[in-house]
Amino acid sequence: MEMSDLRIALFSGNYNYTRDGANQALNRLVGSLLAKGAQVRVYSPTTDEPDFPPTGDLVSVPNVRMPVKGRGEYRMPTHLGSKVRRDLEKFAPNIVHLSSPDPSGHAALRWAQDHDIPVLSSVHTRFETYPRYYNLAFLEPVITGILRRFYNRCDALVAPSQSMIDELLATKMHDDIGLWSRGVDRTVFSSERRDMSWRRELGLADDDVAIVFLGRLVMEKGLDIFAETIVQLRKRQVPHKVLVIGDGPAREWFEDALPGGIFAGFKTGADLGQALASGDIFFNPSVTETFGNVTLEAMACGLPVVAAGATGASSLVNHGVTGQLVPLVGKGANAAPDSAGLAEAIAPYCTDPALRMAHGRAGEQRSLEYSWEAINQVVADTYLRLIADRRALQEAEAA
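A quick note: this is a predicted structure, and the numbers were derived from the prediction, not measured.

Cut-offs used in this document
- Residues numbered from 1 in each chain as written.
- Predicted model: local features only at pLDDT ≥ 70, side-chain atom pairs only at ≥ 80, totals over all residues.
- Heavy atoms only, no water.
- Buried < 20%, exposed > 50% of the residue type's maximum accessible area, 1.4 Å probe, protein only.
- Helix = DSSP H or I, 4+ residues; strand = E, 2+ residues; numbered from the N terminus.
- Pairing = 2+ DSSP bridges.
- Right-handed = clockwise from strand over helix to strand, strands pointing away.
- Axes fitted to C-alpha atoms, helices over the stretch in contact; angles between N-to-C directions.
- Expected span 1.5 Å × (residues − 1).
- Contact = heavy atoms within 4.5 Å.
- Core = buried A, V, L, I, M, F, W, Y, C linked by side-chain atoms within 4.5 Å.
- 1 Å grid on protein atoms, 1.4 Å probe; cavity = no way out; pocket = protein on both sides within 12 Å on 5 of 7 lines; lining within 4 Å.
- Points joined across faces, edges and corners; volume = space filled by probe spheres on them.
- Nonpolar A, V, L, I, M, F, W, Y, C, P; charged D, E, K, R; others polar.

1. Thoughts on the pairing of strand β12 (residues 262-265)
Regular strands place their side chains on alternate faces of the sheet.
So, point 1. Here β12 shows a buried face lined by Ile262 and Ala264 and a second buried face lined by Phe263 and Gly265.
So, point 2. Taken together, the 3 bridges between strand β11 (residues 241-245) and β12 define a ladder with parallel strand orientation. Note that in β12 the partner of Leu243 across the bridge is Ile262.
So, point 3. In the classification by handedness, the crossover that spans β11, the intervening helix α8 (residues 251-257) and the parallel β12 is right-handed.

So, in structure tokens, the structure goes:
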């Protein structure tokens, strides 16, 4: 079977209406597949004013606004509906790709099984960790069980980091899990994008050391731990400034928690590369990442990284070489990095320019290993393998 024979039905909970790392990876994947002659049809909630144009053909699925405080910009796919089912029948996919275990993902899985079509699921985030940020930690075991049932009904999984694969194997989510890593756009993210004039316009002196947060401002990104760590640094009188790149529903909370912090707002493209490279230390306290695109982007910009030793960052950051990984304290829903430990890891970078530059250069060199083209071919190869396996099984059953 050739790449041009692939007919892929891709289901996403958020393909382009709100920009995030997961849908950036999916759009790049679709672009790569289309360029190689495959046919792709994407099914996802849509809005009148999406953050960016979709790559490929996009079909809207029934959805409602996410019924969770602080997540109102997201849509929850509710089911397939007759229109989508007719579109699927007409498109006649030979592989179904599910990128979110939401209600439409469950429905698409059942549809694929009814039509004897293999299913690949990609894991983009640790959904089971989200309830702890909304005072619903007791739901974590329930969600873990739902995820386990969903993923084990798929034919295979792909995950973006070896640390995430290890976690999925340990929690018995599946036993056929491939590595679909992430790439970085070197035309956007590079230490050469550093702009001292831009820093000065924000009120950063040339000798100020800016600790950067980059991401959507939602609590599950570890905003509370970030703020607590900055308090620890201030108590120790470690010289630093805080530069926040991004926006979101928790911005007001974050601004109140970081008095004196510089909030640069939401950035994309060259503006994002400029802002990130103009920082000095990248700090990522999140434990919900499966890869951490922002961590790789910061490395490409020549910033040393201090991160929670959780899935994603632990596969990217070479401890003591490109940055520091701080172990999690506690278990299950209570697992989190200690703010005092994070402050201790950040402090040397604030006072030792040579260390900061050495680890930043090492991170930028490591980022060169991540090529989108080679990475996306892994997914295409998995599609072809699953289709071949299914056809072999069908032929054996018919004999």
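Right, picking up where we left off after that structure.
2. Remarks on the sheet that holds strand β15 (residues 323-326)
So, point 1. Reading across from one edge, β12-β11-β10-β13-β14-β15 is the order of the 6 strands in this open sheet, with parallel pairing throughout. Every other strand in the sheet has two partners, leaving β12 and β15 as the edge strands with one partner each. Here the strands of the sheet are splayed against their neighbours by 20 degrees on average, with no regard to which way each runs.
So, point 2. The pairing of strand β10 (residues 210-214) with β11 spans 5 bridges and is parallel. Residue pairing in the sheet places Leu214 in a bridge with Ile245 of β11.

3. A word on helix α4 (residues 140-152)
Note on helix geometry: an α-helix contains 3.6 residues per turn, so any two residues three or four positions apart are oriented the same way.
So, point 1. A rise of 1.5 Å per residue sets the reference length of α4, with its 13 residues, at 18 Å; its end C-alpha atoms lie 18 Å apart and thus fit the reference within 8%.
So, point 2. Against β6 (95-98), α3 (103-114), β7 (119-122) and β8 (156-159) lie the buried residues of α4.

4. Overview of the nonpolar core
So, point 1. Of all hydrophobic cores here, the largest spans 58 residues; its most connected members are Leu33, Leu276, Phe282 and Tyr383.
So, point 2. Broken down by element, the residue count for this core peaks at 8 residues, all from helix α14 (residues 372-398).
So, point 3. Membership of the second largest hydrophobic core comes to 30 residues, among which are Phe11, Leu80, Val119 and Leu157.

5. A closer look at the environment of Val123
So, point 1. When you line up the elements, Val123 lands in the loop between β7 and α4.
So, point 2. When the C-alpha atoms of Val123 and Asp5 are compared, they prove to be 25 Å apart, with 118 residues separating the residues in sequence.
So, point 3. If we ignore the near neighbours within four places in the chain, the residues touching Val123 are Tyr151, Leu157, Val158, Ala159, Pro160, Met164, Leu168, Arg182 and Thr290.

6. Side note on the layout of surface pockets
So, point 1. Put simply, the second largest pocket is a space of about 260 Å³.
So, point 2. Arg194, Asp280, Gly302, Arg356 and Met357 are, among the 14 residues lining the second largest pocket, the residues nearest its centre.
So, point 3. Of the residues in the lining of the second largest pocket, the class split is 5 nonpolar, 4 polar and 5 charged.

Keep in mind that these numbers describe shape and distance, not what the molecule does.
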